[in-house]
Amino acid sequence: MLAVQRRPLTPTKFRYGLDNILAEEMKVTSRENDKKLGMFAQISRRDLVQGAGLATASAAIAPLLSGCAQSEPPPTGPYPPGETGLRGNHVGSFEVAHDLGFAGRSDWGPLGTAETEAYDLIVVGGGLSGLSAAYFYRQKHADARVLILDNHDDFGGHAKRNEFEVAGKTLIGYGGTQTLQEPSSYPALVLEMLDELGVDLDLFETAYDTDFFKRHGLSGGLYFGKEAWGEDVMTPFDLGFFEDYIPVAPSPLSFEESIAKMPITDGAKAELLELFTTKEDRLPNLSLDEKWEYLAYTSYRDFLAQDIGITEPDVFKLLQDVAGDYGAGIEAIPAYGALTYTGLPGWDAAGLPPAPYFEPYIHHFPDGVSMVARLLVRALVEDAVPAGRPQDILTKPSDYSKLDLPGNSARIRLNSTVVKVEQPEDSTGAVEVTYVRDGIPYKVRSKDCVLACNHSMIPHICPTLPEAQKEALSFQEKSPILYTNVAVKNWRAWKDLGISSVVAPGSYYIHATVNFPVSMGDYQFAESPDEPVIIHLERFPHVNNQGLNAREQRRAGRRELLSTSFEEIERETRQQLAGMLGAHGFDPATDITAITVNRWGHGYAYSYNELFDDVYEDWNDERMPHMRAKQPFGNITIANSDAAAIALFYCAVEEAHRAVEELPV
């Protein structure tokens, strides 16, 4: 054998060679870890590479690839609820808007074939507010011709439906708007609309199995992930998050017993126990009215530090992101909201009276408020959604091929991003709307127009609005949201664990739960732990403790969300479920059958934050940005829950009604 003469490596070359070896070893380790997580398992998925996406299949065969099944087969053609992988703001839904808003693009190429049909109303945005606006307009003008334009491949906006098939059973979940929250307080016009659509609110009293988790001995839990806390620890514990949200079973452990299991310092354990058990009023010198005002203008973090005496970093770390859907950390949310809305600890320490009664959080269809979107679509385009009561059509698919037929008096045109809305002086009062579909711009006209889209986009698509109004519209900063639904073969690991719903401080998802136990019609929730279910996980991206206000934290979170690939999200999803449930027999490589990631860069409407915003006693004070933002402009009016600055279903409907009423006669 010939000897091979090697030149000695210099320190730099040696370091370079060692780095390469280490990098290759890390790649091998990473690949092995991915294999254990099931990253190479044969489930359907769409990928997203740095916000610019890669679809694995054409829309025409998407239902086949997704494994979606209903009690009757979907109509021929695309069926968006059955697609898995990246949904919500999916690939193809936001690029045109970003070109307009970020790059200022105005030239979209030659116009496509002109549409000869004249419309009475064009609605920009096919979410709940846009569909409601069309519904109310048709009530006033029965023969009106209506066109709804939406940039997504599905209607409903955030009210999205996700479907899966596991072992021959259809699973239905929600990809956005969860619930008809506290409907007893809805305005009369909203209740009337629901009644006209056939929604029986009393149905939920029996459809939602409020004893399900208690019957199975499933409590709330607190999960400490290895990456953030050094070890994987799950303990039964209710931070207050589940008390009015999911009726879980009482914890089998006392506060002392649960806290003793947590991987936090002894000092943090003592402070946390004091926070949860103290009855001492830490604001004794303030009247009740003064307490409320103080808590509204003091961050929850400052309340913990200044008034409760919390000093241990682990306590702050544990509570940092639990108020998830605020879209900000505890240093940027008022203590008032943390205590009342989120249910974080400190109510007794603030010396507050007994908490008010909240209507049970039970008004969920299995597909969330997507059912109401379907009923609105049926009222507009009758053949697109089957006839029958909501519980009778739950498992029957919509026919998307019927949404935009020339003979329809109301048409819903998907995958169409509006880039300009104007009223030219020579248009005899008509509104001209330009939209881009499949890379081609088209122009349509109507007498009236309702903008039921994100307020922050309106200044870009309607540049002739007054500057002060555009500034007010731009104030709205929706919260980015990630709603991930995971179809699994069974929920046996949750049963063995004795926990159904988890808060996970420091993990990728702050919240994970077995889906709401709702049964109606021929759709039955999984009573046996050996039956398949959907696991629902939530993330609200934001940036903590960098001196950012709530709106800035949301903006930074949106950048993170839109630049994260589906592969990364899938890995985080599998890893967190493995950490939470692996010790109880859950195997992400074999138990997960499909993953749908509902990404909403612009999710919940921004409600004012007293720590940073001028808030007046009257929410509808004319000085408030949302009031200045929604002023009518000729034959153009503005809807969406942004116009109420409240992210609730009834607000979206109310604002739609107002927008229609404001249109000139």
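Residues numbered from 1 in each chain as written. Predicted model: local features only at pLDDT ≥ 70, side-chain atom pairs only at ≥ 80, totals over all residues. Heavy atoms only, no water.

1. Observations concerning the overall build of the protein chain
Counting its secondary structure elements, the protein chain contains 24 helices and 17 strands. Taken over 665 residues, the protein chain has a buried fraction of 56%. Pairs at least 24 residues apart make up 72% of the contacts formed inside the protein chain by residues separated by at least 6 positions. For the protein chain, the accessible area works out to roughly 27800 Å², and carbon and sulfur atoms hold 52% of it. (Helix = DSSP H or I, 4+ residues; strand = E, 2+ residues; numbered from the N terminus. Buried < 20%, exposed > 50% of the residue type's maximum accessible area, 1.4 Å probe, protein only. Contact = heavy atoms within 4.5 Å. Areas by Shrake-Rupley, 256 points an atom, 1.4 Å probe, with all protein chains shown as cover.)

2. A short note on the environment of V190
Assignment of secondary structure puts V190 in helix α5 (residues 188–197). According to the relative accessible area criterion, V190 is buried, its value standing at 0%. The spacing of V190 and S132 is 58 residues in sequence and 9.8 Å in space, taken between C-alpha atoms. Those residues in contact with V190 that lie beyond four places of it in its chain are F649, Y650, V653 and E654.

3. Points about a negative patch on the surface
The grouping of E192, D195, E196, D200, D202 and E205 at the surface amounts to a negative patch. In this fold, E205 is placed in helix α6 (residues 204–207). (Patch = residues over 30% accessible without salt bridge, like charges linked within 9 Å, V, L, I, M, F, W, Y side chains within 5 Å. Salt bridge = Lys/Arg side-chain N within 4 Å of Asp/Glu carboxyl O. Lys, Arg positive; Asp, Glu negative; His and termini not counted. Charge placed at Lys NZ, Arg CZ, Asp CG, Glu CD.)

4. Details of the sheet that holds strand β14 (residues 511–514)
What the eight strands build is an open sheet, ordered β1-β16-β12-β15-β14-β13-β6-β7; its pairing is mixed. Each having just a single partner strand, β1 (85–88) and β7 (233–236) make up the two edges of the open sheet. Averaged over all pairs of adjacent strands, the angle between their axes in this sheet comes to 25°, without regard to strand direction. In terms of strand pairing, strand β12 (residues 479–488) meets strand β15 (residues 533–539) through seven bridges, oriented antiparallel. Considered in β15, the bridge of N485 is made with H536. (Pairing = 2+ DSSP bridges. Axes fitted to C-alpha atoms, helices over the stretch in contact; angles between N-to-C directions.)

5. Notes on the packing of aromatic side chains
Using the criterion set out here, one finds 30 aromatic pairs in the structure. Through pairs of rings, three or more aromatic residues link up here, namely Y174, Y208, Y245, Y361, Y483 and F516. Over the face of the ring belonging to Y508 we find R539, whose NZ or CZ atom lies 4.1 Å from the ring centre. Between R551 and the ring centre of F475, over which it is positioned, the NZ or CZ distance is 4.2 Å. (Phe/Tyr/Trp six-rings, centres within 6.5 Å; stacked < 30°, edge-to-face > 60°. Lys NZ or Arg CZ within 6 Å of the ring centre and 35° of its normal.)

6. Section: the pairing of strand β16 (residues 592–604)
Burial analysis of β16 places ten of its 13 residues in the buried class, which makes it a mostly covered element. With four bridges connecting them, β1 and β16 associate as parallel partners. Looking at β16, one finds that R87 is bridged to N598. Bridge count for β12 against β16 is nine bridges, and the pairing is antiparallel. Residue pairing in the sheet places T484 in a bridge with V597 of β16.

7. What to know about the nonpolar core
In terms of nonpolar packing, the biggest core is built from 158 residues, with Y300, L319 and F649 touching the most fellow members. In contact with L319, not counting residues within four places along its chain, are L239, L275, Y300, L304, I330, L344 and P345. Membership of the second largest hydrophobic core comes to 30 residues, among which are V96, W108, L149 and L473. (Core = buried A, V, L, I, M, F, W, Y, C linked by side-chain atoms within 4.5 Å.)

8. Let's talk about helix α21 (residues 566–581)
Across its 16 residues, α21 extends 22 Å between first and last C-alpha, which sits within 8% of the 22 Å expected from 1.5 Å per residue. Restricting attention to buried positions, one finds in α21 the residues F566, I569, E570, T573, R574, Q576, L577, M580 and L581. The buried residues of α21 occupy one face: seen down the axis, they fall within an arc of 165°. (Expected span 1.5 Å × (residues − 1). Arc of directions from axis to C-beta.)

9. Some remarks on the packing of helix α4 (residues 128–140) against helix α15 (residues 370–380)
One can describe the packing of α4 onto α15 by two numbers: an axis separation of 10 Å at closest approach and a directional angle of 35°. Handedness of the crossing formed by α4 with α15: left-handed. Here L128, L131, S132, A134, Y135 and R138 of α4 come into contact with α15, specifically with A373, L376, V377, A379 and L380. (Left-handed = near helix turned anticlockwise from the far one by under 90°.)

10. Quick notes on the pattern of salt bridges
In this structure the tally under the stated criterion is 37 salt bridges. The partner of E570 in a salt bridge is R574, with the nearest N and O atoms 3.0 Å apart. Of this pair, E570 and R574 both sit in helix α21, separated by four residues, roughly a single helical turn. Assessed through its relative accessible area of 0%, R574 is described here as buried.

11. Side note on unusual backbone geometry
Notably, D438 is not glycine yet its phi reads approximately 55°, a positive angle. Within the secondary structure, D438 sits in the loop between β10 (431–437) and β11 (440–451). You can call D438 exposed: its relative accessible area is 73%. The phi dihedral of N640 is positive, around 85°, even though this residue is not glycine. Mapped onto the secondary structure, N640 falls in the loop between β17 (636–638) and α24 (649–662). Of the residues examined, N640 reaches a relative accessible area of 9% and is grouped as buried.

12. Description of the environment of S474
Locating S474 in the fold gives a position in helix α18 (residues 467–474). Separated by 19 residues in sequence, S474 and H455 have C-alpha atoms that sit 6.7 Å apart. Apart from residues lying up to four places away in sequence, S474 is in contact with P459 and R551. Polar contacts involving the side chain of S474 include one to the main-chain carbonyl oxygen of K470, which spans 2.9 Å. (Polar contact = N/O pair within 3.5 Å; in protein donor to acceptor, adjacent residues only side chain to side chain.)

13. Some words on the confidence of the model for the protein chain
Here the protein chain shows a mean pLDDT of 90. Residues at 70 or above account for 90%. Under a pLDDT of 50 for its full length, residues 1–16 has, in the predicted model, two contacts with residues more than four places off or in other chains. pLDDT under 50 marks residues 44–71. Its contacts with residues more than four places away, or in other chains, come to 72 contacts. (pLDDT = per-residue confidence, 0-100.)

14. Comments concerning the packing of α4 against α24
It is the contact of α4 with α24, at a shortest axis distance of 8 Å, that shows an interaxial angle of 40°. For the element pair α4 / α24, the angle class is oblique. The crossing of α4 and α24 is right-handed. Mapping the contact onto sequence places L128, S129, S132, A133, F136, Y137 and K140 in α4 and F649, A652, V653, A656, H657, V660 and E661 in α24. In terms of residue class, the contact of α4 with α24 is built from nine nonpolar, three polar and two charged. (Parallel < 35°, antiparallel > 145°, perpendicular 65-115°, else oblique. Nonpolar A, V, L, I, M, F, W, Y, C, P; charged D, E, K, R; others polar.)

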